[in-house]
Amino acid sequence: MLRLSRRQLLKTTAISTALATTPKSVLAASREKLTIPPLMETKRGRPIILNMEETGYKLDGSHSVSVWGFNGNYLGPTIRIKSGSFAKLNYHNNLPQSIALSIQGLQASGELFGGAAKVLKKGESWAPIIPIDQPAATCWYRSATLANSAYQTYRGIVGMWLIEDDQSLKSQLPHKYGVDDIPLILQDMEFNGDGLQLFKQNQPHFVGNRLLVNGQEAPYLDVPRGWVRLRLLNASLARAYDLRLDNEQDMLLIARDLGFLPQGKAINSLILAPGERAEVLVNLSEGEGVSLISGAKRGFFDKIKNVFSSGNDFADNTVLELRPQGEISAFSKKMNESFNTDATAMLESKIAQVRTFELDVTNGLINKQRFDPRRVDISAKVGTVERWIINSSLPVGFTIQGAKFVIESQDDINVDASELAWKDTVWVKKKVQILVKFEQPSSNTHPFLFGSSNLMLADMGCLGIMIVQ
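Residues numbered from 1 in each chain as written. Predicted model: local features only at pLDDT ≥ 70, side-chain atom pairs only at ≥ 80, totals over all residues. Heavy atoms only, no water.

Novice: Is there a simple way to explain the overall build of the protein chain in this structure?
Specialist: Each helix and strand counted, the protein chain has seven helices and 34 strands in total. Taken over 469 residues, the protein chain has a buried fraction of 53%. Taking as baseline every contact in the protein chain between residues at least 6 positions apart, the subset at least 24 positions apart corresponds to 77%. If you sum the accessible surface of the protein chain, you get close to 20,500 Å²; carbon and sulfur atoms cover 49% of it. (Helix = DSSP H or I, 4+ residues; strand = E, 2+ residues; numbered from the N terminus. Buried < 20%, exposed > 50% of the residue type's maximum accessible area, 1.4 Å probe, protein only. Contact = heavy atoms within 4.5 Å. Areas by Shrake-Rupley, 256 points an atom, 1.4 Å probe, with all protein chains shown as cover.)

Novice: Would you explain the sheet that holds strand β24 (residues 353-360) in this entry?
Specialist: Sheet strands associate in pairs through backbone hydrogen bonding, adopting either a parallel or an antiparallel arrangement. Reading across the sheet, the six strands line up as β25-β24-β27-β32-β29-β30 and stay open at both edges, with mixed pairing between neighbours. Each of the sheet's edge strands pairs with one partner strand only, and the pair in question is β25 (365-366) and β30 (413-414). Note that strand β27 (residues 385-392) and strand β32 (residues 431-437) share seven bridges and pair antiparallel. Among the inter-strand pairings, arginine 387 is bridged to a residue of β32, identified as leucine 435. (Pairing = 2+ DSSP bridges.)

Novice: Explain the sheet that holds strand β8 (residues 119-120) here, please?
Specialist: Sheet architecture is open: six strands sit in the order β1-β5-β12-β11-β7-β8, paired in mixed fashion. Both outer strands of the open sheet, β1 (39-41) and β8, are each paired with one neighbouring strand and no more. Of the strand pairs in this sheet, strand β11 (residues 137-143) and strand β12 (residues 158-164) are connected by six bridges, and their pairing is antiparallel. Within the sheet, the bridge partner assigned to arginine 142 lies in β12 and is valine 158.

Novice: I keep staring at the side chain of glutamate 279 and nothing clicks. Help me out?
Specialist: Mapped onto the fold, glutamate 279 is located in strand β21 (residues 277-283). Within the structure, glutamate 279 has its side chain in polar contact with the side chain of arginine 231 (distance 3.4 Å). Those residues in contact with glutamate 279 that sit more than four places away from it in its chain are Thr138, Arg229, Leu230, Arg231, Leu252, Leu253, Ile254, Ala255 and Phe260. (Polar contact = N/O pair within 3.5 Å; in protein donor to acceptor, adjacent residues only side chain to side chain.)

Novice: Just checking my understanding: could you explain the side chain of threonine 55 for this structure?
Specialist: Mapped onto the secondary structure, threonine 55 falls in strand β2 (residues 48-57). At a separation of 3.3 Å, a polar atom in the side chain of threonine 55 contacts the main-chain carbonyl oxygen of glycine 72. Contact partners of threonine 55, with chain neighbours within four places excluded, come to Val65, Ser66, Val67, Gly72, Asn73 and Tyr74.

Novice: I tried to follow the pairing of strand β13 (residues 181-189) on my own but got confused; where do I start?
Specialist: Consecutive residues of a regular strand have side chains that alternate between opposite faces of the sheet. Along β13, nine of the nine residues are buried, which leaves the element largely enclosed by surrounding structure. Residues of β13 alternate between two faces, with Asp181, Pro183, Ile185, Gln187 and Met189 on one and Ile182, Leu184, Leu186 and Asp188 on the opposite face, all of them buried. As judged from the six bridges shared by β13 and strand β16 (residues 227-234), these two strands associate in the parallel manner. Its bridge partner being in β16, leucine 186 is matched across the sheet by asparagine 234. Where β13 lies against strand β14 (residues 210-213), four bridges are found, and the strand directions are antiparallel. Residue pairing across strands places aspartate 188 opposite leucine 211, the latter belonging to β14.

Novice: Sorry if this is basic, but what is going on with the environment of aspartate 222 here?
Specialist: Among the secondary structure elements, aspartate 222 is positioned in strand β15 (residues 220-224). Spatially, the C-alpha atom of aspartate 222 lies 9.0 Å from that of leucine 34, the residues being 188 residues apart in sequence. Setting aside residues up to four positions removed in sequence, aspartate 222 forms contacts with Arg323 and Gln325. At a separation of 3.2 Å, a polar atom in the side chain of aspartate 222 contacts the side chain of glutamine 325.

Novice: Hey, could you run me through the nonpolar core in this one?
Specialist: Note that soluble globular proteins tend to have their nonpolar side chains buried in a common cluster. In terms of nonpolar packing, the biggest core is built from 62 residues, with Trp161, Trp388, Phe450 and Met466 touching the most fellow members. In terms of nonpolar packing, the next biggest core, distinct from the first, is built from 31 residues, Tyr241, Ala278, Val290 and Val319 among them. (Core = buried A, V, L, I, M, F, W, Y, C linked by side-chain atoms within 4.5 Å.)

Novice: How should I be thinking about the pattern of salt bridges in this particular structure?
Specialist: Oppositely charged side chains are able to pair whenever their charged atoms sit close together. Throughout the structure, instances matching the rule amount to 26 salt bridges. A salt bridge links glutamate 279 to arginine 231; the nearest nitrogen and oxygen atoms lie 3.4 Å apart. You can see glutamate 279 sitting in strand β21 and its partner arginine 231 sitting in strand β16, a full 48 residues away along the chain. Per residue, the accessibility class of glutamate 279 equals that of arginine 231, and both read buried. A salt bridge links arginine 244 to aspartate 242, with the shortest nitrogen-to-oxygen separation between them at 2.5 Å. What emerges from the salt-bridge pattern is a single network uniting Arg256, Asp257, Glu276, Arg277, Lys423 and Asp424. (Salt bridge = Lys/Arg side-chain N within 4 Å of Asp/Glu carboxyl O.)

Novice: So what exactly am I meant to see when it comes to the packing of aromatic side chains here?
Specialist: Each aromatic ring pair is described using two quantities: the centre-to-centre distance and the angle formed by the ring planes. This structure, assessed with the given rule, holds 18 aromatic pairs. Judged by centre distance (6.3 Å) and plane angle (50°), the ring pair of tryptophan 388 and phenylalanine 438 falls under tilted. Residue tryptophan 388 is located in strand β27, and its partner phenylalanine 438 is located in the loop between β32 and β33 (448-452); the two are separated by 50 residues in the primary sequence. For the pair tryptophan 388 and phenylalanine 438, a shared accessibility class is recorded, and that class is buried. (Phe/Tyr/Trp six-rings, centres within 6.5 Å; stacked < 30°, edge-to-face > 60°.)

Printed below as a string of structure tokens:
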């Protein structure tokens, strides 16, 4: 039961009265327009310059505070690159802490991947040249600093990395960046009265009460009539999202972390684990605007209650309000796009080895062990496929670097072949069985990591080292 002080009660009554007498159009008008991260494309060998630095930004919408990001902005630019080309990266660390970066989903050797093994001290730079050789995917870059990845990612060391290929570019999918192809970086946060980010290290979980997308709370975006493509990234530290449209309209799921599904699948809701990505299409050919929300649709009194709640529920669970512009079309184009993917062939693979992992979420352990940089937990061979069985004491995200997998079964229920897509991150409720394919080498000096995608748990040591030779 919600208990309010006299002051809160008076304030609630005042807000209730104001909201009740305010037209819905006026309330909607109070939203800010969604900020789209700048796009950096690697054409004609142009280098990708990423300067990590502090800047000022109004995270809570009203107080300008110090945040972290890239090139003078909160968060990083969206990198878009075509498969078959080279990424000429140029990182520079202007922050007061040492930072390691990883591009989660990138299929590159351990030496070029970077990650925890490549630490940039204050003032240091790194300029790797990485061949991009993988199908179209929505990847992301973030802090991978051992024992400090959660804090640094939370401060704003986050960005999207989009890989295109001939199939994705020739498809009928929406592809105008920021117009009908929208990047959405989801983060949950908590602020003090001055708008500063609140954070506690050395905890197994962090769950904030404010939901931000691209650094804003409950924004809107004007979009053209027709199909709109949403590229979703859960950049939160520990929270999973249950995403849906507030009018109960279906979305069309077309891609997971590292590739397309064989064909789009109509879904009513989507669970997104920390670090997980997905692409969905929303049909806005007719009707009014629609909002993407996390959790159940709220009524008027739910919104009032959550304004004063001190729990983990969001003050506003709106991710983004989509406002279609233009005339309603009499002919709504059907989206029957199909995609060539070799993910389904994994079901017929020869299995080189079967491994079982027990995740202790409470204590941050894998198979009763904590991360040790001197211990190699997995030795695999390039070109092989392994079956991994992952059990967890509590629901948690699980991720792997430098390799990719398909989900064979979840909680002992087989996944249908029509739903298979390449992935690197998965939400483990109780038990997940995956088929992992190793295509990139790593070494003792430049290993890959696997383990919890909950960065709070990862910083506690819920990680392992993987060598692929």
